[in-house]
Amino acid sequence: MWRYAPPIVVFAVALVAWHAYATITGAPAYLLPKPLAVLRSLIANRDQLLPSLGWTALAALGGFASSAVVGVFIAVLLSTSTLLRRAFYPYTVFFQTVPIIAIAPMLVILMGFGILPVVVCAFIVSVFPVIANTLIGLLSTDPALIDLFRLYGARPVAAMWKLRLPSALPEILIGLRIAAGLAVIGTVVAEFFVGEIVRGEGLGVRIVSATKQGEPDLAFAAVLLASLLGLTMFGTVNLASHLALRRWHASEQR
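Residues numbered from 1 in each chain as written. Predicted model: local features only at pLDDT ≥ 70, side-chain atom pairs only at ≥ 80, totals over all residues. Heavy atoms only, no water.

A. Region of interest: helix α2 (residues 35–44). Along α2, the residues that are buried comprise Pro35, Ala37, Val38, Ser41 and Leu42. Each buried residue of α2 lies within a common arc of 160° when the element is viewed along its axis, so the set occupies one face. Turned more than 90 degrees away from the buried face of α2, the exposed residues are Leu36, Arg40 and Ala44. Looking at the buried positions of α2, the neighbouring elements they touch are α1 (5–25), α3 (46–79) and α11 (216–245). (Buried < 20%, exposed > 50% of the residue type's maximum accessible area, 1.4 Å probe, protein only. Helix = DSSP H or I, 4+ residues; strand = E, 2+ residues; numbered from the N terminus. Arc of directions from axis to C-beta. Contact = heavy atoms within 4.5 Å.)

Take a look at the structure:
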């Protein structure tokens, strides 16, 4: 239990500093609401914010799951051939360098106002860390073990499934941790441009509308929920990493 004390203390100190700064400087509420005002807005507007959290979570999970599957698949393909890596890996960097704020409106034009462009934005933002980390893990497999598999006549598919992927698991999970947070960022940014999502509105829409209507406490509350969503997804992947690696990898034995 004590391992969770340091971040809780830091969070509490940050809240106190925030409240003190807003009080001492006399910052107007429409510019910098106090933490208690944000909490009150969160409770008062829960009927709006919780459905929005659900839609954002759905889109973020869709983008994250897609990036996990596609990212690992692409990395496996690239790891099998130096020629493939030289030909196609530079194009995967596109997913890391593309300005999502610029491409989100184009996706809306191409795919319409719905949840699909939001999921695609989350996918674009989060897929590159999965590809890059998985590829590094696959290429870092111990050459002696690879030679041993070849000596015993193991097929390439068997070597990939029983040696390379298990050896790359720590790097794969690192990529998934990064992707989990980025998927939420991509989702919220896309929602800035998409507007209504199927039957509801995501947190990004709430942030934009609250800002325009002069309700910063509501905007801060929506940002808080988006942050908690990202932390939840990151924590879930972190828990999976701990369960998968705790028996044999040094990073989870401390």
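Having seen the model, we can carry on.
B. Focus on the nonpolar core. Among the nonpolar cores identified, the biggest contains 57 residues, and Leu49, Phe64, Ile100, Ile124, Leu138, Leu176 and Met233 are the most heavily contacted of them. At the level of secondary structure, the elements contributing two or more residues to this core comprise α2, α3, α6 (100–111), α7 (115–139), α9 (156–194), α10 (203–212) and α11. Examining the composition of this core, we find that 14 residues originate from one element, α9, more than from any other. With near-sequence residues (within four places) excluded, Leu49 lies in contact with Ser41, Leu42, Leu203, Arg206, Leu218, Ala221, Ala222 and Leu225. (Core = buried A, V, L, I, M, F, W, Y, C linked by side-chain atoms within 4.5 Å.)

C. Structural view of the side chain of Thr141. Note on placement: Thr141 falls in the loop between α7 and α8 (143–151). Of the residues examined, Thr141 reaches a relative accessible area of 5% and is grouped as buried. Engagement of the side chain of Thr141 in a polar contact is seen with the backbone oxygen of Leu138, the distance being 3.0 Å. Not counting residues within four places of it along the chain, the set of residues in contact with Thr141 comprises Ile146, Leu163, Arg164 and Ser167. (Polar contact = N/O pair within 3.5 Å; in protein donor to acceptor, adjacent residues only side chain to side chain.)

D. Representation of the layout of surface pockets in the model. In this model, the largest pocket occupies a volume close to 520 Å³. Taken together, 18 residues make up the lining of the largest pocket; nearest its centre are Phe11, Leu15, Leu224, Ser227 and Leu228. For the lining of the largest pocket, the secondary structure elements donating two or more residues are α1, α2 and α11. Considering every element that reaches the lining of the largest pocket, the biggest residue donor is α11, with eight residues. Here the residues of the lining of the largest pocket sort into 16 nonpolar, two polar and no charged. (1 Å grid on protein atoms, 1.4 Å probe; cavity = no way out; pocket = protein on both sides within 12 Å on 5 of 7 lines; lining within 4 Å. Points joined across faces, edges and corners; volume = space filled by probe spheres on them. Nonpolar A, V, L, I, M, F, W, Y, C, P; charged D, E, K, R; others polar.)

E. Up close: a nonpolar patch on the surface. Nonpolar side chains collect at one region of the surface, where Leu145, Leu148, Leu151 and Tyr152 lie side by side and expose about 460 Å² of accessible area between them. In this fold, Leu148 is placed in helix α8. (Patch = residues over 30% accessible without salt bridge, like charges linked within 9 Å, V, L, I, M, F, W, Y side chains within 5 Å. Areas by Shrake-Rupley, 256 points an atom, 1.4 Å probe, with all protein chains shown as cover. Salt bridge = Lys/Arg side-chain N within 4 Å of Asp/Glu carboxyl O.)

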